Amino acid sequence: MQKLFLYSLLFSVVIITSCKSKEEKTAVAIDETDGLAAFSVDSLAKHIAVLSGDDFLGRKPFTEGETKTINYLKDQFIAAGLEPGNGNSYFQDVPMVRITTNASAQMQVQSSKEKFTLKGREDYVVWTDKTDPAINLKDADLVFAGYGVVAPEYNWNDYAGLDVKGKVVLVLVNDPGFNAGDSSLFKGKTMTYYGRWTYKFEEAARQGAKGCLIIHSTDAASYPFAVVQNSWNTSKLRLDNRGKQETLCDMVGWISSPATKKLLKAAGKDTTLLTKADTRGFKGEDLGLKVSIDMKVKTEYNLSHNVIGKITGTKHPDEVIVYTAHWDHLGIGTPDETGDSIYNGALDNASGTAGLLELARAFTSMKTKPERTIVILAVTAEEQGLWGSAYYAQNPVYPAAKTLANINMDGLTWYGKTKDLIMIGKGQNELEDYLSEEAAKKDRVIAFEVHPEAGYYYRSDHFNFAKAGIPSLYTESGTDVDGHGTDYGKAKIDEYAAKNYHRPSDEYDSTWKLDGAIEDLKLMFQVGKRLSFTEKWPEWKEGSEFKAIREKQLKQ
Ligand SMILES: [Zn+2]
């Protein structure tokens, strides 16, 4: 049997050799196990516990919490054997401004028939991204502009024929595909970037509007109005863009669904106007209402920091793979029902940041050093608007055209090993295939996001790498828990979302089962390791809104 087998084997090897691609011919045999032994549940748990301890004060940028966190990460990067990632520094300065808006507690609304007021926090939450000391909107016209979307690739323009210059636009959250239930509209129930609140404000500003109010709905936004109310008259961080051209509205924010009904009634309309916005060719309209509001603004400029380390590639040192996780969280804020005001952010995202440290130790422990450079980047100010990664993408230490991939982590699994791992942003790029292949080797499967309507692909740091054309991978915890099944995993995730997400109670618990997180980290490691030994450049897939950016970039 064997001889025969050997002949047939020889015959088949020859066949394969001739049709192997250039990459595969040059690829060294990757030692699948190299580096894996370095991963440790105890080490991961220790770092999570330290980073989410009360003494790290919820890790808010500009605070003592930042100083403690970035110095801890620097020390751990050095201990793991990483080289400085920014010249001879482990830090990248991120110039930022803290803008504290004090909006008036009443918004005046004037119709042809009546005058009434809306209540701050209860009916609306507004702020400014501008640094002017005071913003006063006086009798600004209110215009309903549907979803406030201009999407040439979907042949959709809510602002077509609508003059909103100097006015306040009222827009719906999410995108037309969400409510219409028509999967051919945009990406159907899967939110596109056009559905994100950040996009609504950006587009309204481009259209010359003075203000933009997003109509809140829990389903379409995927979080309750209470989450929005958390940011009533609080400070917000932005990149310090002094001296740079920036188009911004004077006032941006959200309006509650009941308050929206009050406005529509005063305009002699009802909610059918909102549903009309789901139809192709919908035309926005002036509501015949005028709104007025005042805001006092305080600004403070300061530096926050990205923390960056690397392992220089042995063969292609200028080609890099970037692993990211945001180290920041919400700091000290509104106390919860127990009086606890420290937002520890154990899962969000001390876990992902600790994951970076495990990856660093695994890559530096490898017997055969990676041929391409591995960069470990802990970014700041994600909670405030993905600013650390936005700054890095605008000021890359390693050129985007030389960056093969970004692998981002934001929250690791705390309830044990799972058969699956959730892929966010299905069909975006080839890293998805790498991950599926590595998972299959471990008899695991890649499942796709349970809530595509929530737009998670646009809600963490990989998004800024994607916007820079860099193929980006972002996963979330699986739900099919070994020995428990899917309902158990889903219940764990729902419990976290309801009780701990962005709450002081997101604290480390020594009963957490982190062996699942280690298995997920090993998959991320294998994807990066494999990439670091090939000459392949992962690509965006057909239909991805980021493909064109990359093609243009690589042509330059
Ligand atoms: Zn996060």
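So, how was this worked out
- Residues numbered from 1 in each chain as written.
- Predicted model: local features only at pLDDT ≥ 70, side-chain atom pairs only at ≥ 80, totals over all residues.
- Heavy atoms only, no water.
- Helix = DSSP H or I, 4+ residues; strand = E, 2+ residues; numbered from the N terminus.
- Rg over C-alpha atoms; globule rule 2.2 N^0.38 Å.
- Buried < 20%, exposed > 50% of the residue type's maximum accessible area, 1.4 Å probe, protein only.
- Contact = heavy atoms within 4.5 Å.
- Pairing = 2+ DSSP bridges.
- Donors = N, O, S within 2.8 Å, 3.2 Å for Na, K, Ca; no water.
- Tetrahedral: all angles 85-135°; square planar, octahedral: opposite > 155°, others 65-115°.
- Salt bridge = Lys/Arg side-chain N within 4 Å of Asp/Glu carboxyl O.
- Axes fitted to C-alpha atoms, helices over the stretch in contact; angles between N-to-C directions.
- Parallel < 35°, antiparallel > 145°, perpendicular 65-115°, else oblique.
- Left-handed = near helix turned anticlockwise from the far one by under 90°.
- Core = buried A, V, L, I, M, F, W, Y, C linked by side-chain atoms within 4.5 Å.
- Phe/Tyr/Trp six-rings, centres within 6.5 Å; stacked < 30°, edge-to-face > 60°.
- Lys NZ or Arg CZ within 6 Å of the ring centre and 35° of its normal.
- Domains from an automatic or database assignment.
- Buried area = accessible area lost by both parts, 1.4 Å probe.
- Polar contact = N/O pair within 3.5 Å; in protein donor to acceptor, adjacent residues only side chain to side chain.
- Nonpolar A, V, L, I, M, F, W, Y, C, P; charged D, E, K, R; others polar.
- 1 Å grid on protein atoms, 1.4 Å probe; cavity = no way out; pocket = protein on both sides within 12 Å on 5 of 7 lines; lining within 4 Å.
- Points joined across faces, edges and corners; volume = space filled by probe spheres on them.

## Observations regarding the overall build of the protein chain
Helix and strand counts for the protein chain stand at 17 helices and 21 strands. Radius of gyration (C-alpha) of the protein chain: 25 Å, near the 24 Å computed for a compact globule of 556 residues. C-alpha atoms of the protein chain, sized along the principal axes, occupy 95 × 50 × 50 Å. Out of the 556 residues in the protein chain, the part that is buried amounts to 55%.

## Side note on the environment of Ala 160
Structurally, Ala 160 can be placed in the loop between β8 (156-157) and β9 (168-172). Between the alpha carbons of Ala 160 and Gly 284 there is a distance of 8.4 Å; along the sequence they are 124 residues apart.

## Observations regarding the environment of Asp 420
In this structure, Asp 420 sits in strand β19 (residues 420-423). The spacing of Asp 420 and Val 481 is 61 residues in sequence and 8.1 Å in space, taken between C-alpha atoms. Among residues more than four places away in sequence, those in contact with Asp 420 are Arg 444, Val 445, Ala 447, Gly 478, Thr 479 and Asp 480.

## Quick notes on the pairing of strand β2 (residues 91-103)
As paired strands, β2 and strand β13 (residues 285-311) are joined by 13 bridges and run antiparallel to one another. Considered in β13, the bridge of Thr 101 is made with Val 297. The pairing of β2 with strand β11 (residues 235-239) spans 5 bridges and is classified as antiparallel. The partner of Met 96 across the bridge, within β11, is Leu 239.

## Remarks on the coordination of the zinc ion
Within the protein, the zinc ion binds to His 326 (NE2), Asp 348 (OD), Asp 410 (OD) and Asp 410 (OD); these donor distances fall in the range 1.9 to 2.6 Å. Around the zinc ion sit 4 donor atoms; with metal-centred angles ranging over 52 to 143°, the donor geometry is irregular. Between consecutive donor residues of the zinc ion, the sequence gaps follow H-x21-D-x61-D. Note that His 326 is positioned in strand β14 (residues 316-326) and Asp 348 in helix α11 (residues 346-364), a separation of 22 residues in sequence.

## Considerations on the pattern of salt bridges
The full count for this structure, using the stated rule, is 32 salt bridges. Residues Lys 130 and Asp 250 are paired through a salt bridge, measuring 2.6 Å at the closest nitrogen-oxygen approach. Of the two residues, Lys 130 sits in the loop between β5 (124-127) and β6 (134-144) while Asp 250 sits in the loop between β11 and β12 (251-255), which places them 120 residues apart along the sequence. Taking relative accessible area as the criterion, Lys 130 reaches 22% and is therefore assigned partly exposed. One salt bridge connects Lys 167 with Asp 286, and the closest N-O pair in it is separated by 3.9 Å. Pair noted here: Lys 167 is in the loop between β8 and β9 and Asp 286 is in strand β13, with a separation of 119 residues, a long-range link. Accessibility expressed as a relative area gives 17% for Lys 167, which makes it buried.

## Examining the packing of α11 against helix α16 (residues 515-532)
Pairs of packed helices are described in terms of their axes, by the angle between the two and the distance that separates them. One way to put it is that α11 packs onto α16 with a least axis distance of 10 Å and a crossing angle of 50°. Comparing their axes, α16 and α11 come out oblique. In the packing of α11 onto α16, the handedness of the crossing is right-handed. The residues of α16 that touch α11, namely those facing Gly 355, Glu 358, Leu 359, Ala 362 and Phe 363, are Ile 518, Leu 521, Phe 525, Gly 528 and Lys 529.

## A short note on the nonpolar core
Formed by 82 residues in total, the largest nonpolar core has its most connected members in Met 107, Leu 118, Val 126, Phe 144, Val 169, Met 251 and Trp 254. In this view, Phe 144 contacts Leu 162, Leu 170, Leu 172, Ile 215, Leu 273, Leu 274, Ala 277, Phe 282, Gly 284, Glu 285 and Leu 287; residues no more than four positions away in its chain are not counted.

## A look at the packing of aromatic side chains
Note on aromatic pairs: each is described by the distance of the centres and the angle between the planes. Under the defined criterion, the tally for this structure stands at 27 aromatic pairs. Between the aromatic rings of Tyr 193 and Tyr 458, the centroid separation amounts to 5.8 Å while the plane-to-plane angle is 50°, which identifies the pairing as tilted. Taken as a pair, Tyr 193 in the loop between α5 (176-180) and α6 (197-206) and Tyr 458 in the loop between β20 (445-448) and α14 (462-467) lie far apart in primary sequence, 265 residues in all. For Tyr 193, a relative accessible area of 14% gives the class buried. With relative accessibility at 4%, the residue Tyr 458 sits in the buried group. Each residue in the set Tyr 154, Trp 156, Phe 186, Tyr 193, Tyr 194, Tyr 199, Tyr 457, Tyr 458, Phe 463, Trp 540 and Phe 546 is aromatic and connected to the rest through ring pairs, giving one cluster. Sitting above the plane of the Phe 178 ring, Lys 189 keeps its charged end 4.3 Å from the centroid. Geometry around Tyr 301 places Arg 242 over its ring, the cationic atom sitting 3.5 Å from the centre.

## Notes on the domain arrangement of the protein chain
Here the domain parsing of the protein chain yields domain 1 (1-13 + 30-81 + 312-397 + 414-422 + 494-556) and domain 2 (99-299). Computed over C-alpha atoms, the centres of domain 1 and domain 2 are 34 Å apart. The partner domain 2 presents 7 residues to the 10 residues of domain 1 that form the contact. Across the interface of domain 1 and domain 2, roughly 930 Å² is buried in total on both sides, 56% from carbon and sulfur atoms. Ranking the residues of domain 1 by area buried against domain 2 places Gln 384, Trp 387 and Glu 545 at the top, with a combined share of 49%. Across the domain 1-domain 2 interface, the total number found is 1 salt bridge. Here Lys 187 ties to Glu 545 by a salt bridge, and the two come within 3.2 Å at their closest N and O atoms. Put simply, domain 1 and domain 2 have 3 residue pairs in polar contact (both at pLDDT 80 or more) between them. Counted by class, the side of domain 1 that touches domain 2 contains 5 nonpolar, 3 polar and 2 charged residues.

## Quick word on empty space enclosed by the protein
Per the counting criterion, the structure on display carries 3 cavities of 30 Å³ or more. Roughly 90 Å³ of internal volume is contained in the largest cavity. In terms of lining, the largest cavity is formed by 13 residues, of which the most central are Gly 411, Leu 412, Thr 475, Asp 520 and Met 524. For the lining of the largest cavity, the secondary structure elements donating two or more residues are β21 (472-476) and α16. Top element by residues in the lining of the largest cavity is α16. It accounts for 3 residues. Here the lining of the largest cavity is composed, by residue class, of 5 nonpolar, 5 polar and 3 charged.

## Section: unusual backbone geometry
Note the cis peptide between Asp 348 and Asn 349, where omega equals 5°. Inspection of the secondary structure assignment puts Asn 349 in helix α11. For Leu 57, which is not glycine, the phi torsion reads 55° and is therefore positive. Inspection of the secondary structure assignment puts Leu 57 in the loop between α3 (41-51) and α4 (64-80). Leu 57 gets classed as partly exposed once you look at its relative accessible area, which sits at 25%. With a phi close to 75°, Arg 121 is a non-glycine residue in the positive phi region. Turning to its location among the elements, Arg 121 is positioned in the loop between β4 (115-119) and β5.

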